[in-house]
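# Geometric and topological summary
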Amino acid sequence: MTTERGSALSGEDEEDTALGYYDDEDDLEAFSDAELGCEDGVFSDSLNGEVKPRILLMGLRRSGKSSIQKVVFHKMSPNETLFLESTNKICREDVSSSSFVSFQIWDFPGQIDFFDPTFDYEMIFRGTGALIFVIDSQDDYVEALSRLHLTVTRAYKVNPDINFEVFIHKVDGLSDDHKIEKQRDIHKRANDDLADAGLERIHLSFYLTSIYDHSIFEAFSKVVQKLIPQLPTLENLLNIFISNSGIEKAFLFDVVSKIYIATDSSPVDMQTYELCCDMIDVVIDISCIYGLTDSEGGLPYDKESMAIIHLNNTTVMYLKEVTKFLAMVCFLRKESFERKGLIDYNFHCFKNAIQEVFDVRVKVQQNRKLLSQRRWSKLSMTNGVLSNPH
Ligand SMILES: Nc1nc2c(ncn2[C@@H]2O[C@H](COP(=O)(O)OP(=O)(O)OP(=O)(O)O)[C@@H](O)[C@H]2O)c(=O)[nH]1
């Protein structure tokens, strides 16, 4: 049973948790509701009370599901995905890298049959936070659309709270006009199918993605953000921070996956996001080469990690460590950076506030843990009495 791995990853204080990207392959039939600890819309490890949203990766064969997972969470280079073998069973992976980024990804084989009576799709959808359906935009997508419709309607019946996310994938081979055209067509057809079935209330979100640029990271960021209950608080804190520090834009990044878990309320443009990703790469690469002593392993990122980059258009990029796996990346004008003391003081207050949000989360988890332990011991007592009446 794999929940032990989940427990090992998610200790009481996740800040102490080792970088937690784990591979785990299991036959779905091996799971039961009780073992997985399914609750409404989320996965809860029955022993440690950790609640992890589940993200499903679905779509036709060769649409690019495993490549997405490998590129975003395993730092695989896009070219290497050419050699990935077809997935033939469900692969489950725990992603628990930072205080706020903690979820499970289930990668499904393309040929899975929902109507197979041995396939317990109700159990799977009941524990799901987001369903990502990947459509290969370079292929004929008629079959993918009918599959999308089937999957979404089935899932919605079981769990109307699932976020449905459609990745129109492999758009690297398309011109800009062609991309927009494809998105419009897929959007229209998918929503028409739902309307014909009287299911207009199902909301589908669409993203143009490719593993060959940052679009896949940006799309994944948006999917993950919807699953972070503290998101409004984080956004609010960022808004307060930037308005008091003369900063134009600030992102809170998970440094391992380069998923941004929050940003202030001004709009995000792709170029800014790409610059942030590049800056994180530079910091990690330089630290890897010059920052690690021989005895150290793991991520070369700590309390001292910070970087300042002056761009040639009078913009300054400022990166600072927030927690073991989170970094703040800010954009500001050269003039505003002259008040670095004020920015650092405000950043200090921001960091404390984040810590408080995190403490509340830990408390909730501890309470949940106590509750589930009590339930667990009650259950084993009852079983003991039943099986051993003497
Ligand atoms: N051009 C392009 N090719 C991609 C992209 N993403 C994945 N691919 C390629 O698509 C092929 C199939 O990718 P996989 O990740 O194995 O697809 P899958 O959906 O997991 O396939 P199954 O395991 O059979 O369900 C590979 O050759 C990838 O290199 C992309 O964004 N652009």
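Everything below is about the structure printed above this text.
Residues numbered from 1 in each chain as written. Predicted model: local features only at pLDDT ≥ 70, side-chain atom pairs only at ≥ 80, totals over all residues. Heavy atoms only, no water.

## Quick word on the overall build of the chain
We apply this condition: The way it works is that DSSP assigns letters per residue, a run of H or I at least four long becomes a helix, a run of E at least two long becomes a strand, and they are numbered from the N terminus. Buried, partly exposed and exposed residues are distinguished by accessible area as a fraction of the type maximum, computed with a 1.4 Å probe on protein chains only: under 20%, between the cut-offs, and over 50%, respectively. Two residues form a contact once any of their heavy atoms are found within 4.5 Å.
When its secondary structure is counted, the chain shows 11 helices and 15 strands. The buried share of the chain, reckoned over its 390 residues, is 52%. Within the chain, contacts between residues at least 6 apart in sequence are counted, and of these 69% link residues at least 24 apart.

## A short note on the packing of aromatic side chains
To keep things clear, this is the line we draw: Side-chain rings of Phe, Tyr and Trp (the six-membered ring for Trp) are treated as a pair once their centres are within 6.5 Å; stacked means planes under 30 degrees apart, edge-to-face means over 60, and tilted covers the remaining angles. For a Lys NZ or an Arg CZ to count as sitting over a ring, it must be within 6 Å of the ring centre and within 35 degrees of the ring normal.
Tallying each qualifying case throughout the model produces 14 aromatic pairs. On the numbers, 6.3 Å between centres and 70° between planes, the contact of Phe-241 with Phe-347 is edge-to-face. In this pair, Phe-241 sits in helix α8 (residues 231-245) while Phe-347 sits in helix α11 (residues 340-387), placing the two residues 106 residues apart along the sequence. Ring centres of Phe-241 and Phe-350 lie 5.6 Å apart, and the angle between their planes is 40°; this geometry places the pair in the tilted category. Placement of Phe-241 in helix α8 and of Phe-350 in helix α11 is noted, with a sequence separation of 109 residues between them. Note on accessibility: Phe-241 and Phe-350 belong to one class, buried. Joined through ring pairs, the aromatic side chains of Phe-73, Phe-103, Phe-167, Tyr-207 and Phe-220 make up one cluster. In this arrangement the basic side chain of Arg-54 is found over the ring face of Trp-106, its NZ or CZ atom lying 4.3 Å from the centre.

## As for the site of the ligand
Note the threshold: Throughout, near means a residue has at least one heavy atom within 4 Å of the molecule or strand. Here a polar contact means two N or O atoms within 3.5 Å. Within protein one must be a hydrogen donor candidate and the other an acceptor candidate, and residues neighboring in sequence count only if both atoms are side-chain atoms. All accessible-area figures derive from a Shrake-Rupley calculation using a 1.4 Å probe, and residue coverage is judged against the displayed protein chains alone.
Not every one of the 21 residues close to the ligand is listed here, only the nearest: Lys-65, Ser-67, Ser-86, Thr-87 and Asp-172. Ser-86 places a polar side-chain atom, nitrogen or oxygen, 2.4 Å from an oxygen atom of the ligand. Within the side chain of Lys-170, a nitrogen or oxygen atom sits 3.0 Å from an oxygen atom of the ligand. Expressed as a share of its isolated accessible area of 660 Å², the protein-covered part of the ligand is 93%.

## A closer look at the nonpolar core
Generally speaking, a soluble globular protein has its nonpolar side chains buried in company with each other. Inclusion rule: Only buried Ala, Val, Leu, Ile, Met, Phe, Trp, Tyr and Cys residues count toward a nonpolar core, and they belong to the same one when joined by side-chain atoms within 4.5 Å. Domain start and end points were adopted from an automatic or database domain assignment.
The biggest cluster of nonpolar side chains holds 69 residues, and the ones touching the most others in it are Phe-220, Leu-252 and Met-328. Domain assignment of the residues forming this core places at least three in each of domain 1 (54-227) and domain 2 (230-370). Ignoring any residue separated from it by four or fewer positions in sequence, one finds Met-328 in contact with Leu-238, Phe-241, Ala-250, Phe-251, Leu-252, Tyr-318, Leu-319, Lys-320, Val-322, Phe-347 and Phe-350. In this structure, Trp-106, Ile-112, Leu-131 and Val-152 belong to the second largest nonpolar core, which totals 36 residues.

## A closer look at the pattern of salt bridges
We apply this condition: Salt bridge, as applied in this entry: a Lys or Arg side-chain nitrogen positioned within 4 Å of an Asp or Glu carboxyl oxygen.
Tallied over the full model, the rule gives 13 salt bridges. Note that Arg-184 and Glu-181 form a salt bridge whose closest N and O atoms lie 3.5 Å from each other. Taken together, the residues Arg-184 and Glu-181, both in helix α6 (residues 176-196) and 3 residues apart, mark about one turn of the helix. Among the residues examined, Arg-184 registers a relative accessible area of 48% and is labelled partly exposed. Where Lys-249 meets Asp-264, a salt bridge forms, and the shortest distance between an N and an O atom there is 3.4 Å. Taken together, the positions of Lys-249 in strand β11 (residues 247-254) and Asp-264 in the loop between β12 (259-263) and α9 (270-291) put the pair 15 residues apart, joining distant regions of the chain. Here Lys-249 matches Asp-264 in class, with each residue buried. In this structure, a network of salt bridges that share partners links the residues Glu-248, Arg-333 and Glu-335.

## Notes on the sheet that holds strand β14 (residues 315-323)
Quick note on the threshold: Here the rule is simple: two strands pair whenever DSSP picks up at least two bridges between them. With axes taken as lines fitted to C-alpha atoms, and helix axes fitted only over the stretch in contact, angles between N-to-C directions fall between 0 and 180 degrees.
Reading across from one edge, β12-β11-β15-β14-β13 is the order of the 5 strands in this open sheet, with antiparallel pairing throughout. Two strands close off the open sheet at either side, each with one partner strand: β12 and β13 (306-310). On average, each strand axis in the sheet is inclined to that of its neighbour by 25°, with strand direction left out of account. Note: β14 against strand β15 (residues 326-333), 8 bridges, orientation antiparallel. For Leu-319, the partnering residue across the bridge sits in β15 and is Val-329.

## Describing helix α3 (residues 65-74)
Buried residues dominate α3, accounting for 9 of its 10 residues. The positive-phi residue at the C-terminal boundary of α3 is Lys-75, with phi of around 55°.

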